[in-house]
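Residue-level structural notes
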Amino acid sequence: MTYMTQKAQPTRIGKVYLVGAGPGDPTLITVRGQNLLARAEVVVYDYLASSKLLRHVPKDAEFIYAGKRGGGKHTHTQDEINQILVDHALAGKNVVRLKGGDPFIFGRGGEELEVLAEHNIPFEVVPGVTSATAAATYAGVPITHRGYTSSVAFITGHEDPTKTETSIDWDKIATGVGTLVFYMGIKNLASIATNLINAGRAASTPVVVVRWASTPIQRSVVGTLADIADRVKAEGITPPALVVVGEVVQLRDKINWFEKRPLFGKRVMVTRTREQASELVNLLEEQGADVLERATISIQDPDSWAPLDQALAKLNQYDWVLFTSLNAIRNFFGRLHAQGKDARAFGPARIGVVGSATAEALQEYGLLADLVPAKFTSEGLSESLVGIGVAGKSILIPRAAKAREILTDTLEQAGATTEAVPVYQNVRPSGYDEQLRQELTEGCIDVVTFTSSSTVTNFLHMLNEKDPGKLAELLQHTAIAAIGPITGQTVRDNGLAVAIQPATHTIPALVEAIVRHFAG
Ligand code: SAH
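Residue indices begin from 1 for each chain and proceed along its sequence in written order. Two thresholds apply to this predicted model, a pLDDT of at least 70 for residue-level local features and 80 or more for giving and counting side-chain atom pairs, whereas whole-chain, interface and lining totals are computed over all residues. Working from all heavy atoms in the structure, the side-chain values ignore hydrogens and water.

1. Considering the side chain of Gln 218
- In this fold, Gln 218 is placed in the loop between strand 8 (206–211) and strand 9 (219–224).
- The class for Gln 218 is buried, based on a relative accessible area of 3%.
- Identification of polar contacts relies on pairs of N or O atoms within 3.5 Å, with a donor-acceptor requirement for protein atoms, meaning one able to donate a hydrogen and the other able to accept it, and with residues adjacent in sequence counted only if both atoms are side-chain atoms. At 2.8 Å, the side chain of Gln 218 forms a polar contact with the side chain of Glu 259.
- By definition in these notes, contact holds between two residues if any of their heavy atoms fall within 4.5 Å. Setting aside residues up to four positions removed in sequence, Gln 218 forms contacts with Tyr 138, Ala 139, Val 210, Arg 211, Trp 212, Ala 213, Phe 258, Glu 259 and Phe 264. Secondary structure is summarised from DSSP: a helix means a run of H or I of at least four residues, a strand means a run of E of at least two, and numbering begins at the N terminus for each. We call a residue buried when its accessible area falls under 20% of the maximum for its residue type, exposed when it is over 50%, and partly exposed in between, using a 1.4 Å probe and counting protein chains only.

Spelled out as structure tokens, the structure:
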């Protein structure tokens, strides 16, 4: 490395991006907002901004939870939040201030920017889908409609408590505006309704209250100005919720699309063995389910790196190096790089992979596979190699600590010398039994899905309940869905009943079977 002497640079000032996160569904953020998250160095976020959005942020960024919930459980005061923004911008950071909904709609975005302006800190604002339009949309209410209303007002139901007089002119809004949407209005709902009625709005005006709009846990309660407060109380609705008042609410009967999706309101626990996001989760969410993913396997480093290190020292002497999983590739290259080496260490050694996904992963390290079998299995890989001819060849197979021997056996029989070295191990997560039990007994899990026998055995291992009676009790309110007969048999072998099992053993068929289970 070369070093150059540098003159002291004036400190670069960072920039603050005030970004609307949208109402709850993390996919309702704008493209601009998502792009800014992807290059943020500091993210300051609220509790209303979906935590799933933080996935877009680089891992080495600084995450600051600014909190703020009704009821005084604030993590930071507004002054502290302002100061956090100022300090990080002055330190030269690229700061994203992520706010639920739209930053300028009851989000105190204006106040934060005033402070930044006073400090001459540059900023930009990205609007977001505000929860009012989302709540109406996801409750099946067109917020305006030619036949019903030509105006809409966004109103705070919770004014600054230090104010002595209301700044809401009830006489004007009660009858002067068609659709009224109240933010933060749940605590004061009874007085909001009374004020509107007293100011001349018909007591029979329809109202819908929507909690956690646009998310899988959305709940809505319909009533009229006369009875909505009691209904909301009876249903136990707590913030965050929006109150939509107006004749347009009637249209919900025809337009309520979101809550009518087949699995809306159903909570499904998906057990999985791999790290990757799954097709199953996406398909279930498409049908409206609230999905909880639970990994039944965690990928860890091998007990010892010594066998791999010895192999790496002579990597260029192998005829073939074979990768049969993404984890093997990731861990192999992690170790190679940690030793200050890169892909050139392979020298003339040729590389075989098990399928297209492993081939793509390899390419990320700048290498093209010499062999990808037509059949994407270990058997396919060994057959292809044997076809090419492996007699007298030396073959390195970096893989899981406990792996099937089929590949090594076949290659050895064909005259090759194989060396299988552990580069990762599958470990059953432990210490989750309390959490899982709680989720099953209190979390109202409607379905738990199993897509292989190992998910069943690992899940039961995690649950750690030896008594069959107690195990059945834990799962008494949960329907077990198994992808096929082998997985189903493993469930039954453990003394549990299978409620859902599709005729064809595919993920889409499993989802269809779950939908049918609830439809019937
Ligand atoms: N800037 C935000 C509003 C912040 S004020 C926006 O544009 O949406 C906080 C209030 O917003 C909550 O008390 C609640 O009334 C409403 N709110 C925010 N997200 C919501 C959601 N997903 N569902 C229902 N109400 C929500």
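That was the structure; now back to the text.
2. With respect to the packing of aromatic side chains
- Each pair of aromatic rings taken from Phe, Tyr and Trp, with Trp reduced to its six-membered ring, is defined by centres within 6.5 Å and is described as stacked if the planes are under 30 degrees apart, edge-to-face if over 60, and tilted in the remaining cases. Counted by the stated rule, this structure contains 16 aromatic pairs.
- Arranged with centres 5.9 Å apart and planes meeting at 70 degrees, the rings of Phe 154 and Tyr 183 form a pair that is edge-to-face. Linking Phe 154 in strand 6 (residues 152–156) with Tyr 183 in strand 7 (residues 179–183), this pair joins segments that are 29 residues apart in sequence.
- Phe 154 gets classed as partly exposed once you look at its relative accessible area, which sits at 32%.
- Tyr 183 gets classed as buried once you look at its relative accessible area, which sits at 6%.
- Both rings, one in Phe 333 and one in Tyr 365, keep their centres 4.2 Å apart while their planes meet at 10 degrees; by these two values the pair is stacked. Here Phe 333, found in helix 11 (residues 326–338), pairs with Tyr 365, found in the loop between helix 12 (356–363) and helix 13 (378–388); they are 32 residues apart in sequence, far enough to count as distant.

3. Digging into the pairing of strand 8
- Judged by how many residues are buried, strand 8 sits mostly within the fold: six of six residues are covered.
- Strands were regarded as paired on the criterion that DSSP finds at least two bridges between them. As paired elements, strand 8 and strand 9 share six bridges and run antiparallel to each other. Looking at the pairing, Val 210 lines up with Ser 220 of strand 9.
- Sheet topology note: the strand 8/strand 10 (residues 241–245) ladder contains five bridges and is antiparallel. Paired with Val 210 across the two strands is Leu 242, which belongs to strand 10.

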